[in-house]
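Topology and contacts: notes
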Amino acid sequence: MNTSATPTSIAAEGPNADQIDYWNGLAGERWARYQDRLDTMLAPFADAVLRLAAIEPGARVMDIGCGCGATTFEAAAKTDPSGRALGVDISGPMVARAKARAAALGSTAEFMLADAASHDFGAASFDLLISRFGIMFFADPAAAFAHMRQALAPSGRVAFVCWRPMKENGWVSVPLFAALPHLPPQEPPVPGAPGPFALADRDRFSGILKDAGYTGIEIEPFDASLSLGRGADPLAEALEQTLDIGPLSRALVDQPDNIRTRVTEAVREALVKHETNGEIALDGAVWLVSARA
Ligand SMILES: C[S@@+](CC[C@H](N)C(=O)[O-])C[C@H]1O[C@@H](n2cnc3c(N)ncnc32)[C@H](O)[C@@H]1O
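A brief report on the enclosed structure follows.

Rules of the game
Residues numbered from 1 in each chain as written. Predicted model: local features only at pLDDT ≥ 70, side-chain atom pairs only at ≥ 80, totals over all residues. Heavy atoms only, no water. Helix = DSSP H or I, 4+ residues; strand = E, 2+ residues; numbered from the N terminus. Buried < 20%, exposed > 50% of the residue type's maximum accessible area, 1.4 Å probe, protein only. Polar contact = N/O pair within 3.5 Å; in protein donor to acceptor, adjacent residues only side chain to side chain. Contact = heavy atoms within 4.5 Å. Phe/Tyr/Trp six-rings, centres within 6.5 Å; stacked < 30°, edge-to-face > 60°. Lys NZ or Arg CZ within 6 Å of the ring centre and 35° of its normal. Arc of directions from axis to C-beta.

1. Topic: the side chain of Arg164
One can find Arg164 in the loop between strand E5 (152–163) and helix H8 (170–179). Owing to a relative accessible area of 7%, Arg164 belongs among the buried residues under this scheme. Looking at Arg164, its side chain comes within polar contact range of the side chain of Glu168, at 2.9 Å. Residues contacting Arg164, with those up to four places away along its chain left out, are Asn169, Phe197, Ala200, Pro221, Phe222, Asp223, Ala285, Val286 and Trp287.

Structure below.
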């Protein structure tokens, strides 16, 4: 498959059109801009999912929702020289960043702009599907996971990491609950709807994978703290990132300046309580998921 010839933009159509729009707008641009910082913050989860994946030289690995490519580069280094690592994502800005990094790093990782839930990757083309937080955005997860299973060889495996419920994830709940009294009433989240916490219910996720035909499903908790800010001004860094990326940034879209100012103050007060030794760190709680094709 010649991925260098793949399109550089993707039409917002099909069941995942909303997410294609979202990840090709401000969200994708910000993730690409903050790539370095986010990769440092999310490194414990990259390490955890790569340990679980146990990639051997020669393996053919697909990284679902690869973003700017952190885990794809790690996978490529492990599969070299005879295997391959392909990162797949719907975000033009993030795939562009991943391709530029591959060239700069001299990595063999390949990247493709495509909807993993529907693109035809060819039957049995991969030995392993991996993902760090790229699998929670499918409108129809059962259909998406069944579709992706077709790309796995009969002996294939998956290794994924995704968030546990928001209440266990202080990096989201602390700033969001501080902001909520200052925001117009928010629609209550629909359980299981596409978004960071779509697969937070372990039994539901296990059922989705089972219905999609996977076997040997194991879903285990893993915890690590997320460093939101450090260095010269940890609070400013944590504040910027919290307001620009993730669920709070979604809630702030289209809010007028007076609300943004009140939210910023409330979140600043909440975050400063979590500063220790020049770092603002909050709880991160994930599922480590493995299964066979
Ligand atoms: C939270 S980001 C994680 C990015 C990256 N894996 C990381 O850990 O830095 C989620 C990613 O999933 C991608 N994504 C969402 N739905 C997708 C789909 N249907 N097919 C491929 N990628 C998708 C988004 O574009 C985004 O890059």
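There is more to say after this.
2. Let's talk about the packing of aromatic side chains
The tally for this structure, following the rule as stated, stands at 12 aromatic pairs. Taking the centre distance of 5.1 Å and the plane angle of 85 degrees together, the rings of Tyr22 and Trp23 count as edge-to-face. Given the relative accessible area of 23%, Tyr22 is considered partly exposed. Measuring from ring centre to ring centre gives 5.5 Å for Phe45 and Trp163, while their planes differ by 70 degrees; the resulting arrangement is edge-to-face. Taken together, the positions of Phe45 in helix H4 (residues 43–53) and Trp163 in strand E5 put the pair 118 residues apart, joining distant regions of the chain. The exposure class assigned to Phe45 is buried, which follows from its relative accessible area of 0%. With relative accessibility at 5%, the residue Trp163 sits in the buried group. Taken together through their ring pairs, the aromatic side chains of Phe45, Phe133, Trp163, Trp171 and Phe222 make up a single cluster. Taking NZ or CZ as reference, Arg33 lies 5.7 Å from the ring centre of Tyr34, over its face. The ring centre of Tyr22 lies 3.8 Å from the NZ or CZ of Arg250, which sits over that ring.

3. Regarding helix H1 (residues 17–24)
For H1, the complete set of buried residues consists of Ala17, Gln19, Ile20 and Trp23. Projected down its long axis, H1 shows its buried positions confined to an angular sector of 165 degrees, all on one face. Exposed and oriented more than 90 degrees from the buried face of H1 are Asp18 and Asp21. Against the buried residues of H1 lie helix H2 (26–33), helix H6 (92–105) and helix H11 (247–252).

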